[in-house]
Amino acid sequence: MIRPAAVAKESREVDRMIAFGPVPSRRLGRRLGINNIPPKVCTYSCVYCQLGRTRKMRIKRRAFYAPEEILEAVQDKVAKAREKGEVIDYLTFVADGEPTLDMNLGHEIGLLKPLGIKIAVITNASLIWQEAVRVALSKADWVSVKMDSTEEAIWRRTDRPYGTLKLPSILDGMLEFAKAYGGELATETMLVKGLNDSDELLKGIAGFLARLRPARAYLSVPTRPPAEKWAQPPTEEIITRAYHILHEKIDHVEYLIGYEGNAFAFTGDVEEDLLSISAVHPLREEAVVDFLAKAGADWSVIPNLIERRQLIETEYKGRKFYMRRVDRIHRE
Ligand code: SF4
């Protein structure tokens, strides 16, 4: 079929919006992003959203793009990446809105499977109380759900959900999903200063995560301009506390507060490696001592990094920890 030039141009532009990358991702290696929702159609209007306030709030699922159009856009990007010898570890639904609002999500995942690349979905989980949404998500190999608070009032102030959504149904839906899901489940908690970062609220989240049992729980903070200027990251001390409170209940907790390299591949540059690792989780003083000994470096590296405002020393339960400064890093 010959497409008129104007239609072909418009179609190419939609293709570009639907599939992007591959880009490096801390959690998923090299991922090719799939944007199956027009900008910014969402069930939430989170105070920290880097896409600004949600103008088109909705909870009714519907079709947005034709599933074949999504397949075509992704196939095209995959072919181009393969031509260049670029690796793609995941095809990731990471929309400029909420991907489960797309009623064709499950069908699209099915269409993409024959490409032989693992599929991930990053969702706010607000619709997970619906069986059809759980069925669609269960087709993905990796799913990340949002968990900003287990307290209804705090959840409403942080995520500013569509009025009829109810937190208890969402939490139940998450538990139901986790029970049956055969893929890898992750959670993401965005900490906002003075909003959902108190010990009590964090203990609530930790308790819920202990029941949900995700493979990994990620902690984020706003590092890009948020929808509301006042939505700021907590201090490093509080982020360290949050890490420990969650870690007391579940094994794998990581920061997702910025990334500037590969934290799990050592470059041989002591400073770079220390900053990369401490951007993922706080390092105990003893771990830093060990690391420096192995690298043949001495302790002077640490005061230098602190002086240059790249590293910060914090304390938790009488022990010293080191973490990357939040205001010096940017979220992936
Ligand atoms: S769920 Fe995601 S896209 Fe929707 S408002 Fe929150 S941060 Fe933005």
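Above this text you will find the structure in question.
If you're wondering where the values come from, they're calculated on a predicted model, not measured in any experiment. (Residues numbered from 1 in each chain as written. Predicted model: local features only at pLDDT ≥ 70, side-chain atom pairs only at ≥ 80, totals over all residues. Heavy atoms only, no water.)

Turning our attention to the side chain of Glu254. Counting through the fold element by element, Glu254 comes out in strand S10 (residues 253–255). Residue classification places Glu254 among the buried positions, given a relative accessible area of 9%. Of note is the side chain of Glu254, whose polar atom sits 2.8 Å from the side chain of Arg216. (Helix = DSSP H or I, 4+ residues; strand = E, 2+ residues; numbered from the N terminus. Buried < 20%, exposed > 50% of the residue type's maximum accessible area, 1.4 Å probe, protein only. Polar contact = N/O pair within 3.5 Å; in protein donor to acceptor, adjacent residues only side chain to side chain.)

Our next topic: the environment of Arg224. Locating Arg224 in the fold gives a position in the loop between strand S9 (216–220) and helix H8 (236–247). Separated by 23 residues in the primary sequence, Arg224 and Leu201 have C-alpha atoms spaced 24 Å apart.

Turning our attention to empty space enclosed by the protein. A complete count under the given rule lists one cavity of 30 Å³ or more for this structure. The computed volume of the largest cavity comes to approximately 50 Å³. Lining the largest cavity are Tyr44, Asn124, Lys146, Met147, Asp148, Ser149, Trp155, Asp159, Leu167, Ile170 and Met174. Listed by contribution, the elements that provide at least two residues to the lining of the largest cavity are helix H5 (152–159) and helix H6 (167–180). (1 Å grid on protein atoms, 1.4 Å probe; cavity = no way out; pocket = protein on both sides within 12 Å on 5 of 7 lines; lining within 4 Å. Points joined across faces, edges and corners; volume = space filled by probe spheres on them.)

Backbone-to-backbone hydrogen bonds join strands into a sheet, with any given pair of strands oriented parallel or antiparallel. Taken together, three strands build an open sheet; the order of strands is S11-S13-S12 and the sheet is antiparallel. The open sheet has two free edges, formed respectively by strand S11 (283–284) and strand S12 (311–316), since each of these has just one partner strand. Both S11 and strand S13 (residues 319–324) contribute to a ladder of two bridges, which runs antiparallel. From the neighbouring strand, Arg284 faces S13, where its bridge partner is Phe321. Where H8 meets the sheet, its contacts fall on S12 and S13, and the angle it forms with S12 comes to roughly 50°. (Pairing = 2+ DSSP bridges. Contact = heavy atoms within 4.5 Å. Axes fitted to C-alpha atoms, helices over the stretch in contact; angles between N-to-C directions.)

So, on to the packing of helix H7 (residues 199–212) against H8. For the pair H7 and H8, interaxial distance at closest approach is 8 Å and the crossing angle is 35°. As for how H7 packs across H8, the hand of that crossing is right-handed. From H7, Asp199, Leu202, Lys203, Ile205, Ala206 and Leu209 reach across to H8, where they touch Arg241, Ala242, Ile245 and Leu246. Along the lines of polarity and charge, the residues of the contact of H7 with H8 split into seven nonpolar, no polar and three charged. (Left-handed = near helix turned anticlockwise from the far one by under 90°. Nonpolar A, V, L, I, M, F, W, Y, C, P; charged D, E, K, R; others polar.)

Take the environment of Glu200 next. Inspection of the secondary structure assignment puts Glu200 in helix H7. Given the relative accessible area of 68%, Glu200 is considered exposed. C-alpha separation for the pair Glu200 and Arg308, spaced 108 residues apart in sequence, amounts to 34 Å.

What follows deals with the pairing of strand S7 (residues 142–146). In terms of burial, S7 is largely enclosed, as four of its five residues are buried. Bridge count between strand S6 (residues 118–123) and S7: four bridges; the pairing is parallel. Its bridge partner being in S7, Ala120 is matched across the sheet by Trp142. Taken together, S6, helix H4 (residues 131–138) and S7 form a β-α-β motif whose crossover is right-handed. Judged from the five bridges that link them, S7 and strand S8 (residues 184–190) form a sheet pairing that is parallel. The residue bridging Trp142 from the neighbouring strand is Glu184, located in S8. (Right-handed = clockwise from strand over helix to strand, strands pointing away.)

Okay, the sheet that holds S10 next. Taken together, the eight strands give an open sheet; going across it, the order is S1-S2-S5-S6-S7-S8-S9-S10, and neighbouring strands pair in mixed fashion. Here the strands that pair on one side only, and so sit at the sheet edges, are strand S1 (19–25) and S10. For this sheet the average axis-to-axis angle between neighbouring strands, irrespective of direction, equals 25°.

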